[in-house]
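# Understanding the architecture of this molecule
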Amino acid sequence: MLFAHDTECGLVATAALVNTTGPDREGLPDVTALDEFFTAYGWTGRHEHTEAELREVRALRPRLRRIWHADTDEVVAVVNGLLRESHALPQLVRHDDEPYHLHAVPRDAPLATRMAVEAAMALADLVRMDELSRLRLCDHPDCENVLVDLSKNRSRRFCDAGCGNRAAVSAYRARKAAAHS
Ligand SMILES: [Zn+2]
Ligand SMILES: [Zn+2]
């Protein structure tokens, strides 16, 4: 493991949240989609199932996406801004079956606030370890997704949306076409 467990979970969940939107694509079209996202990424605590909550979560995404395109000082500004606005106060907590980890806002804080703070805390770790190069864009030419490379040898190139397979298939077709020409 490269980073603390909660840092890695936070980074993965943040990238997944950013990737719920892209050009002409809305992966959180309604409250049900947010419910599914909530469950898929192991969120617990307050969850209202309302349009207002959905709007807040959607509104967070462009702010988080910017981090993937920012230099260190800009990332720091975003992270500090998110922590300040959320009145973050780091506390070690234990709940469900998880070992001690950091929460910086209470579990009854709004979901979008907790998502913002979890992202900020995880990113703060990356900044401190000088590992922001782990935040990358998917290599597939038709894909705008972001990714977090948590591999030991920094070998990850594609996002979770199947781009690795798509790239392998195109390479195979290209080789086959070349062989027949
Ligand atoms: Zn927790
Ligand atoms: Zn991709």
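First, a word on what this report is: a plain description of the structure on this page. Here the structure is a predicted model, which means the values were calculated and not measured. (Residues numbered from 1 in each chain as written. Chains lettered and ligands numbered in written order. Predicted model: local features only at pLDDT ≥ 70, side-chain atom pairs only at ≥ 80, totals over all residues. Heavy atoms only, no water.)

### Quick look at the side chain of Asn19
Convention followed: Comment: elements are numbered from the N terminus, with helices defined as DSSP H or I runs of at least four residues and strands as E runs of at least two. In this scheme, a residue with accessible area under 20% of its type's maximum is buried, one over 50% is exposed, and one in between is partly exposed, where area comes from a 1.4 Å probe on protein chains only. Note on definitions: a residue-residue contact is assigned when non-hydrogen atoms from the two residues lie within 4.5 Å.
Residue placement: Asn19 occurs in the loop between α1 (5-18) and β1 (21-22). Overall, Asn19 belongs to the buried group, its relative accessible area being 15%. Each residue touching Asn19, except ones within four places of it in the same chain, is listed here: Arg25, Arg65, Asn145 and Val146.

### Some details on the coordination of the zinc ion (ligand 1)
Condition: Only nitrogen, oxygen and sulfur atoms count as donors, using a 2.8 Å cut-off from the metal that widens to 3.2 Å for Na, K and Ca. Water is left out, so coordination shells may look unfilled.
Of the protein atoms, only His95 (NE2), His101 (NE2) and His103 (NE2) coordinate the zinc ion (ligand 1), at distances of 2.0 to 2.1 Å. Judged by its relative accessible area of 9%, His101 is buried.

### Focus: the packing of aromatic side chains
Definition in use: Any pair of Phe, Tyr and Trp rings, taking the six-membered ring for Trp, is counted once the centres come within 6.5 Å. Such a pair is stacked with planes under 30 degrees apart, edge-to-face with planes over 60 apart, and tilted for the rest.
A complete count under the given rule lists one aromatic pair for this structure. The interplanar angle of 35° and the centroid separation of 4.8 Å between the aromatic rings of Phe37 and Tyr41 together place this pair among those described as tilted. Phe37 gets classed as buried once you look at its relative accessible area, which sits at 7%.

### Remarks on α1
Stated precisely, the cut-off is as follows: Given the number of residues in a helix, its expected span is that number minus one, multiplied by 1.5 Å.
Here α1 is 14 residues long and its end C-alpha atoms lie 20 Å apart, about the 20 Å a rise of 1.5 Å per residue gives. Listed in full, the buried residues belonging to α1 are Thr7, Glu8, Gly10, Leu11, Ala13, Thr14, Ala15, Ala16, Leu17 and Val18.

### Focus: the pattern of salt bridges
The following threshold applies: Salt bridges, as used here, are contacts in which a Lys or Arg side-chain nitrogen is within 4 Å of a carboxyl oxygen on Asp or Glu.
Counted by the stated rule, this structure contains 10 salt bridges. One salt bridge in this structure joins Arg46 and Glu48, with 2.5 Å as the shortest N-O distance. Residue classification places Glu48 among the partly exposed residues on the basis of a relative accessible area of 36%. Residue Arg156 pairs with Asp160 through a salt bridge whose shortest N-O separation is 2.9 Å. A single network of salt bridges, built from pairs that share partners, joins Glu26, Arg58 and Arg61.

### Side note on the layout of surface pockets
Selection rule: Definitions used throughout: a 1 Å grid over protein atoms alone; a cavity as a set of points that fits a 1.4 Å probe which cannot get out; a pocket as an open set with protein on both sides within 12 Å along at least five of seven lines; a lining residue as one with an atom within 4 Å of a point. Grid points are joined across faces, edges and corners, and a volume is the space filled by probe spheres set on the points. As a working rule, the residues Ala, Val, Leu, Ile, Met, Phe, Trp, Tyr, Cys and Pro are called nonpolar, Asp, Glu, Lys and Arg charged, and the rest polar, with Gly in that last group.
Within this model, the largest pocket holds a volume of roughly 710 Å³. Every residue lining the largest pocket is counted, 30 residues in all, and those nearest its centre are Asp6, His101, Leu102, His103 and Glu118. At the level of secondary structure, the elements contributing two or more residues to the lining of the largest pocket comprise α1, β4 (101-103) and α5 (111-128). Class assignment of the residues belonging to the lining of the largest pocket gives a composition of 16 nonpolar, seven polar and seven charged. Its volume calculated, the second largest pocket comes out at about 310 Å³. Lining the second largest pocket are 19 residues, with Ala15, Ala16, Asn19, Tyr41 and Asp160 positioned closest to its centre. Those elements that provide at least two residues to the lining of the second largest pocket are α1 and β6 (146-148). Residue classes in the lining of the second largest pocket are distributed as 12 nonpolar, four polar and three charged.

### Some details on the packing of α1 against α5
Operational definition: Helix axes use the C-alpha atoms of the stretch in contact, all axes being lines fitted to C-alpha atoms, and the angles between their N-to-C directions lie in the range 0 to 180 degrees. Angle categories: roughly parallel below 35 degrees, roughly antiparallel above 145, roughly perpendicular from 65 to 115, and oblique for all the rest. Definitions for this section: a left-handed crossing has its near helix turned counterclockwise from the far helix by less than a right angle. A right-handed crossing has that turn clockwise.
Look at α1 against α5: their axes get within 8 Å of each other, and the N-to-C directions meet at 120°. In terms of orientation, α1 lies oblique with respect to α5. Between α1 and α5 lies a crossing of left-handed hand. Where α1 abuts α5, its residues Thr7, Cys9, Gly10, Leu11, Ala13, Thr14 and Leu17 lie against Met115, Glu118, Ala119, Ala122, Leu123, Asp125 and Leu126. Of the residues that constitute the contact of α1 with α5, the class distribution is nine nonpolar, three polar and two charged.

### Here's the deal with empty space enclosed by the protein
Enumeration over the complete set of coordinates arrives at one cavity of 30 Å³ or more. Of the voids in this model, the largest cavity is the one considered here, and its volume is about 50 Å³. Taken together, Gly10, Ala13, Thr14, Leu17, Phe37, Trp43, Leu64, Met115 and Glu118 form the lining of the largest cavity. Broken down by secondary-structure element, the contributors of at least two residues to the lining of the largest cavity are α1 and α5. The element best represented in the lining of the largest cavity is α1, accounting for four residues. Among the residues making up the lining of the largest cavity, the classes are represented as six nonpolar, two polar and one charged.

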